[in-house]
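Now for the letters of each chain:
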Amino acid sequence: MGKPNSDAITEALRQNIYGGLLQAGAALKQEDLAERFGVSRIPVREALKRLEVEGLVVHEVNKGAVVASHSVHQVLEMLDIRIGLEARALKLAMQQMTSKHLDVCEAVLKRYDASSKASVWTALNLEFHLTLYSIANKPKLLKMIEELVLNTQRYTRVQISHTVGREKPQQEHYEILASIRSGDANKAVRLLERHIAHTQDAILRAYDDEA
């Protein structure tokens, strides 16, 4: 098996950041990463530049590349952007929606019901949302949503699992599905917007508790 190229290194680092293995402020030294991946510094440098463009890596004086951190206000803004993008995605999806597709979405929620692990809830939450919108056939829009969700999950994972739990978000998922099945598109969009806004509320509560 050949050495990883810059694409593979970018993806590996991206997933490590999204998954919390590389936390905000962690140093990303080129020589260490080159040794880890068994490559020269060139593909590592290219990978770090791509991640910097994505906002996942920043360069700090005297430290070099580090994993980017965001203030609570920046995280809330990212969630505002999610509301806009996901509301649009849902509107487009509902124009193509079928009962069969809703059954597929509900099957994701059944797996969510059956799990007792917060890490699995996080993954299935994303899967549900992306599956719901996928029928709109807007891959670029879905990719933007996925990246926003993964980026904000770095900050919401602990708050959602411990502050909110599973029951309330899951109830909201089912309510969104029920509204779509009944043909009430406006209600479905309102419920979706409120669903994401509840994540903002959880972030603010956690921030106030730490202050």
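Everything here concerns the structure above.
These numbers come from a predicted model, not from an experiment.

**Student:** Just checking my understanding: could you explain the overall build of the protein for this structure?
**Tutor:** Along the backbone of the protein there are 9 helices and 2 strands. Tracing the protein from N to C terminus, the helices and strands come up as α-α-α-β-β-α-α-α-α-α-α. In the protein, which comprises 211 residues, the share counted as buried stands at 45%. Residue pairs in contact within the protein that sit at least 24 positions apart in sequence constitute 74% of those at least 6 positions apart.

**Student:** What is the right way to look at a positive patch on the surface in this model?
**Tutor:** Residues Lys168, Lys187, Arg190 and Arg194 make up a contiguous surface patch of positive charge. For the positive patch, the element with the most residues is helix α9 (residues 185–210), which contributes 3 residues. When you line up the elements, arginine 194 lands in helix α9.

**Student:** So what exactly am I meant to see when it comes to the environment of valine 44 here?
**Tutor:** Checked against the element boundaries, valine 44 lands in helix α3 (residues 41–53). A residue is classified by how much of its surface remains accessible, and valine 44, at 0% relative accessible area, is buried. Measuring from C-alpha to C-alpha, the distance between valine 44 and glutamine 15 comes to 15 Å, with 29 residues separating the pair along the chain.

**Student:** How should I be thinking about the pairing of strand β1 (residues 57–60) in this particular structure?
**Tutor:** Each regular strand shows side chains that alternate between the opposite faces of the sheet. In the sheet, β1 pairs with strand β2 (residues 64–67) via 4 bridges, with the strands oriented antiparallel. Its bridge partner lying in β2, glutamate 60 is registered against glycine 64.

**Student:** Would you mind going over the pattern of salt bridges with me for this structure?
**Tutor:** As a working rule, side chains carrying opposite charge can pair if their charged atoms are close by. Applying the stated rule across the entire model yields 11 salt bridges. Between glutamate 54 and arginine 14 there is a salt bridge, with its nearest N and O atoms 2.6 Å apart. With glutamate 54 in the loop between α3 and β1 and arginine 14 in helix α1 (residues 6–18), this pair connects stretches of sequence that are 40 residues apart. By relative accessible area, glutamate 54 is classed as partly exposed at 33%. Take arginine 14: its relative accessible area is 14%, and that puts it in the buried class. A salt bridge links arginine 111 to glutamate 127; the nearest nitrogen and oxygen atoms lie 2.8 Å apart. Taken together, the residues arginine 111 in helix α5 (residues 99–114) and glutamate 127 in helix α6 (residues 118–134) connect sequence positions 16 residues apart. Via salt bridges that share partners, Asp103, Glu106, Lys110 and Arg181 belong to a single interconnected network.

**Student:** Teacher, can you tell me more about α3 here?
**Tutor:** The periodicity of an α-helix, 3.6 residues per turn, causes residues three or four positions apart to be oriented the same way. Compared with an ideal rise of 1.5 Å per residue, which puts 13 residues at 18 Å, α3 spans 18 Å between its outermost C-alpha atoms and is within 8% of the ideal. Among all positions of α3, only Pro43, Val44, Ala47, Leu48 and Leu51 are buried. One face of α3 carries all of its buried residues, which in axial projection span an arc of 140 degrees. Away from its buried face, by an angle of more than 90 degrees, α3 presents the exposed residues Ile42, Lys49 and Val53. Buried positions along α3 lie against α1, α2 (30–37), β1 and β2.

**Student:** Whenever I open this one, the packing of α1 against α2 confuses me. Can you help?
**Tutor:** Relative orientation and spacing of two packed helices are given, respectively, by the angle between their axes and the distance between those axes. Between α1 and α2, the least distance of the axes is 12 Å, while the angle of their chain directions is 110 degrees. When the axis of α1 is compared with that of α2, the two are roughly perpendicular. Judged by residue contacts, Ile9, Ala12, Leu13 and Asn16 of α1 engage Leu33, Arg36 and Phe37 from α2. Residues that form the contact of α1 with α2 fall into these classes: 5 nonpolar, 1 polar and 1 charged.

Thresholds, definitions, all that
- Residues numbered from 1 in each chain as written.
- Predicted model: local features only at pLDDT ≥ 70, side-chain atom pairs only at ≥ 80, totals over all residues.
- Heavy atoms only, no water.
- Helix = DSSP H or I, 4+ residues; strand = E, 2+ residues; numbered from the N terminus.
- Buried < 20%, exposed > 50% of the residue type's maximum accessible area, 1.4 Å probe, protein only.
- Contact = heavy atoms within 4.5 Å.
- Patch = residues over 30% accessible without salt bridge, like charges linked within 9 Å, V, L, I, M, F, W, Y side chains within 5 Å.
- Areas by Shrake-Rupley, 256 points an atom, 1.4 Å probe, with all protein chains shown as cover.
- Salt bridge = Lys/Arg side-chain N within 4 Å of Asp/Glu carboxyl O.
- Lys, Arg positive; Asp, Glu negative; His and termini not counted.
- Charge placed at Lys NZ, Arg CZ, Asp CG, Glu CD.
- Pairing = 2+ DSSP bridges.
- Expected span 1.5 Å × (residues − 1).
- Arc of directions from axis to C-beta.
- Axes fitted to C-alpha atoms, helices over the stretch in contact; angles between N-to-C directions.
- Parallel < 35°, antiparallel > 145°, perpendicular 65-115°, else oblique.
- Nonpolar A, V, L, I, M, F, W, Y, C, P; charged D, E, K, R; others polar.

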